[in-house]
Amino acid sequence: METLNFEYEAKQPLTRRAHVGVVGSGDLEVLIEPPDKPAANVRVRTSVDGYAQVWKAVLDRFFSHFEHAARVEINDFGATPGMVTLRLEQAGELVKP
Amino acid sequence: MTPTEQCTDLTAAERRDRFLSRRSVIEMRARERAQALLDPGSFRELLGPFDRLESPWLPLQGIVPQSDDGVVIARGELAGKPAVIMAIEGAFQGGSLGEVSGSKIAGALALARRDGEAGKPVLPVLLLETGGVRLQEANLGEAVVAEIHAEIIALRRHVPVIGVITGMVGCFGGMSIAASLCSYLVVLPQARFELNGPEVIEQEAGIDELDANDRRLIWSLIGGEQRYETGFADALIEDDAESLRRTIRDLAAQGVPARHRTEAVDDYRRLLAQIDPTGPLDGPGFRQIWPRGAMR
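What you see is a predicted model; the values in this text were computed from it and never measured.

## Some details on the layout of surface pockets
Empty space left among the atoms is revealed by rolling a probe the size of a water molecule over them.
Part 1 of the reasoning: The computed volume of the largest pocket comes to approximately 1,100 Å³.
Part 2 of the reasoning: Glu 194, Ile 201, Leu 221, Ile 222 and Arg 227 of chain B are the residues nearest the centre of the largest pocket, which is lined by 33 residues in total.
Part 3 of the reasoning: Lining the second largest pocket are 23 residues, with His 19 and Val 20 of chain A together with Arg 31, Glu 45 and Pro 49 of chain B sitting closest to its centre.
Part 4 of the reasoning: Within the residue set of the lining of the second largest pocket, elements represented by two or more residues are β2 (18-21) and α2 (81-95) of chain A together with α3 (30-37) of chain B.

## Digging into unusual backbone geometry
All names here are of chain B.
Part 1 of the reasoning: Met 168 follows Gly 167 through a cis peptide bond whose omega is 5 degrees.
Part 2 of the reasoning: Note on placement: Met 168 falls in the loop between β5 (162-165) and α6 (174-181).
Part 3 of the reasoning: Of note in this structure, Arg 52 is not a glycine but carries a positive phi near 50 degrees.
Part 4 of the reasoning: Its location among the elements puts Arg 52 in the loop between β1 (44-46) and β2 (71-78).
Part 5 of the reasoning: A positive phi angle, close to 50 degrees, is found at Ala 79, a residue other than glycine.
Part 6 of the reasoning: Checked against the element boundaries, Ala 79 lands in the loop between β2 and β3 (81-88).

## Things to note about the interface of chain A and chain B
Part 1 of the reasoning: Each partner contributes residues to the interface: chain A has 20 residues there, and chain B has 17 residues.
Part 2 of the reasoning: Interface area for chain A against chain B, summed over the two sides, is near 1,400 Å², with a carbon-plus-sulfur share of 61%.
Part 3 of the reasoning: There are three salt bridges connecting chain A and chain B.
Part 4 of the reasoning: A salt bridge links Glu 54 of chain B to Arg 45 of chain A, with the nearest nitrogen and oxygen atoms 2.9 Å apart.
Part 5 of the reasoning: Linking chain A with chain B are six residue pairs in polar contact (both at pLDDT 80 or more), by the criterion used here.
Part 6 of the reasoning: Secondary structure elements with two or more residues in the side of chain A that touches chain B: β2, β3 (28-33), β4 (39-46) and β5 (70-76) of chain A.

## Overview of the sheet that holds β2 of chain A
Residue and element names in this part refer to chain A.
Part 1 of the reasoning: The sheet built from five strands is open, its strands ordered β1-β4-β5-β3-β2 with mixed pairing. Only two strands of the sheet have a single neighbouring strand rather than two, namely β1 (2-9) and β2. On average, adjacent strands in this sheet sit at an angle of 10 degrees to one another, irrespective of strand direction.
Part 2 of the reasoning: Bridging between β4 and β5 involves seven bridges; their strand directions are parallel. Its bridge partner being in β5, Thr 46 is matched across the sheet by Asp 76.
Part 3 of the reasoning: Together, β1, β4 and β5 form the strand contacts of helix α1 (residues 52-65), whose direction differs from that of β1 by roughly 30 degrees.

## Some thoughts on the pairing of β4 of chain A
All names here are of chain A.
Part 1 of the reasoning: Taken across its eight residues, β4 has seven buried, putting it largely inside the fold.
Part 2 of the reasoning: Here β1 runs beside β4; their pairing, made up of eight bridges, is antiparallel. In the strand pairing of β4, Thr 3 is matched with Arg 45.
Part 3 of the reasoning: For the crossover that starts at β4, traverses α1 and ends in the parallel β5, the hand is left-handed.

Each value, and the rule that gives it
Residues numbered from 1 in each chain as written. Chains lettered and ligands numbered in written order. Predicted model: local features only at pLDDT ≥ 70, side-chain atom pairs only at ≥ 80, totals over all residues. Heavy atoms only, no water. 1 Å grid on protein atoms, 1.4 Å probe; cavity = no way out; pocket = protein on both sides within 12 Å on 5 of 7 lines; lining within 4 Å. Points joined across faces, edges and corners; volume = space filled by probe spheres on them. Helix = DSSP H or I, 4+ residues; strand = E, 2+ residues; numbered from the N terminus. Contact = heavy atoms within 4.5 Å. Buried area = accessible area lost by both parts, 1.4 Å probe. Salt bridge = Lys/Arg side-chain N within 4 Å of Asp/Glu carboxyl O. Polar contact = N/O pair within 3.5 Å; in protein donor to acceptor, adjacent residues only side chain to side chain. Pairing = 2+ DSSP bridges. Axes fitted to C-alpha atoms, helices over the stretch in contact; angles between N-to-C directions. Buried < 20%, exposed > 50% of the residue type's maximum accessible area, 1.4 Å probe, protein only. Right-handed = clockwise from strand over helix to strand, strands pointing away.

Right, dumping it as structure tokens:
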């Protein structure tokens, strides 16, 4: 298991929270909620070690259009980058005002 | 109430429409199952993901935990009556019960007992999708599963406790005892229900004893239909959320049974006396010895 942390700048506040997914084979769970500080902080716990660059690429892309301040937690059980993107978009849609 | 009985009077077109209008319970996750069973708008989760009551033991062993530890506790109303759903998430760690997930169920059962004792009955429904105790949490898991057993026995004096085994994980280990302790047990044909799982038996006794890869054999021995036909389950239903909701409502309406299955010790002694352990016994053979209705 590897724990990774990322931070992104945010332009808008967040008022809602959402939980999607499950820590099952090839899947992940995403928790997104209003943060304590005005930025987007992401903590990833993944069962597959050594993929920090791939996580960064996937998250960079998501936060290029998601501009809300948020506390995001990801518990990953070997999801592919495509699956991670879908779950992030799903969570992002649920918290949009 | 078997799937075939329910369909015999229908035309082919009606059967097709019925099939297409089904909402598969098997394909739902634990939280969706609880939401599907409770009346719309009444779902209220206790100790949900944002309470972050996750397993403290899994990360220490390099395993990613889940924010609800794989158990969803939901209060709400089922057919207008107060209910608490305890749903195990089969996709997380095989639905195994650790210290936290097991305590959530035991705690929910204890709260339901307190309500029952105060004369405000809450219907407890266990959605079981579990391999049993979580091996990584060893004795803590064993202890909490024992607590669940004790709570079901205390609670079922006040209100019928309803267990459901959907599939595809099944229900094994200490939680198969919990399923047997329930006042009423509902199974789907896809369910498997046994103390020791097929893989465990094959590993311990050899492939000559049981081939765990032989699906037809496994389901003929421990599948939902076999368990229903031999009286170890009270209802066999198709994979549909509305059928499950109605079945739970109807079983709850029957109230606390005069005698629980686990109190029928003499019946089970009579059953065991009929079995010759020196010869082979298959699923159809067992149905002959112990047909549905052989008890009570």
